[in-house]
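Structural description and commentary
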Amino acid sequence: EAGVAQSPRYKIIEKRQSVAFWCNPISGHATLYWYQQILGQGPKLLIQFQNNGVVDDSQLPKDRFSAERLKGVDSTLKIQPAKLEDSAVYLCASSRRVSSYNEQFFGPGTRLTVL
Amino acid sequence: RKEVEQDPGPFNVPEGATVAFNCTYSNSASQSFFWYRQDCRKEPKLLMSVYSSGNEDGRFTAQLNRASQYISLLIRDSKLSDSATYLCVVNLESGGSNYKLTFGKGTLLTVNP
């Protein structure tokens, strides 16, 4: 079974530029998550999709971050414009369904550096 | 109070040592609990779930005390390959039958030869 795929793996941009990340979850997984992990911290949930609908985006900075999951499969996360404090690893995860014992599978992440 | 707090670490132990990680969580309505492992510059991976009765997987033992809102992970006979960051994770129902994982900051373990 193929894992969660993400691209690009690394991205360096200057502040105020735009950037987009792509994620393809494990086949058949209805739930997709985007996390931000700042160095030395645990992952923080940005947005959660159930199929192609948003179920939680309470921690997404909506003035600059947006995400979509068209057709309920792959997803993109965009930052526009980027700030220095957006430097982090952006992790995508998926799970078969949402439950009290759901296991989330993470992709390798995209390491973003904002200069 | 942070939602999930872990020992700050780092922990440096010799091979064969026993090491214990502690974690507390603030929301008593939390539903389920996990330990994830994250290798350097890699993604987190589920290590084990944590049950009230305690559970063991080889050299790893996890314990949950709901009354104290406390979770622990014990690693016996530590190996070089156990070197990683250990993340305490709490699953909380966030409304509408939705659940959200909240991660602690992680505790870095280095096992030395």
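Note: the structure precedes this text.
Here's the deal with the nonpolar core
The biggest cluster of nonpolar side chains holds 23 residues, and the ones touching the most others in it are B:Phe21, B:Trp35, B:Ile71, B:Leu73, B:Ile75, B:Tyr86 and B:Leu109. Every element with two or more residues in this core is listed here: β3 (19–25), β4 (32–38), β5 (44–50), β7 (60–65), β8 (70–75), β9 (84–95) and β11 (107–112) of chain B. Filtering out sequence-adjacent residues up to four positions away, B:Leu109 remains in contact with B:Phe11, B:Val13, B:Val19, B:Phe21, B:Ile75, B:Asp82, B:Ser83, B:Ala84 and B:Tyr86. In this structure, A:Leu32, A:Leu60, A:Phe65 and A:Ala82 belong to the second largest nonpolar core, which totals 21 residues.

Quick notes on the side chain of B:Thr107
All names here are of chain B. Mapped onto the elements, Thr107 comes out in strand β11. Assessed through its relative accessible area of 0%, Thr107 is described here as buried. A distance of 2.6 Å separates the side chain of Thr107 from the backbone oxygen of Asp7, its partner in a polar contact.

Brief notes about the sheet that holds strand β8 (residues 75–79) of chain A
Residues and elements named next belong to chain A. Read across the sheet, 4 strands follow the order β1-β3-β8-β7 without closing on themselves; strand pairing throughout is antiparallel. Only two strands of the sheet have a single partner each, and these edge strands are β1 (5–7) and β7 (65–68). Ignoring which end each strand starts from, the neighbouring axes of this sheet average 15 degrees apart. Note: β7 against β8, 4 bridges, orientation antiparallel. Bridge pairing links Ser66 to Lys78 in β8.

Rules of the game
- Residues numbered from 1 in each chain as written.
- Chains lettered and ligands numbered in written order.
- Predicted model: local features only at pLDDT ≥ 70, side-chain atom pairs only at ≥ 80, totals over all residues.
- Heavy atoms only, no water.
- Core = buried A, V, L, I, M, F, W, Y, C linked by side-chain atoms within 4.5 Å.
- Buried < 20%, exposed > 50% of the residue type's maximum accessible area, 1.4 Å probe, protein only.
- Helix = DSSP H or I, 4+ residues; strand = E, 2+ residues; numbered from the N terminus.
- Contact = heavy atoms within 4.5 Å.
- Polar contact = N/O pair within 3.5 Å; in protein donor to acceptor, adjacent residues only side chain to side chain.
- Pairing = 2+ DSSP bridges.
- Axes fitted to C-alpha atoms, helices over the stretch in contact; angles between N-to-C directions.

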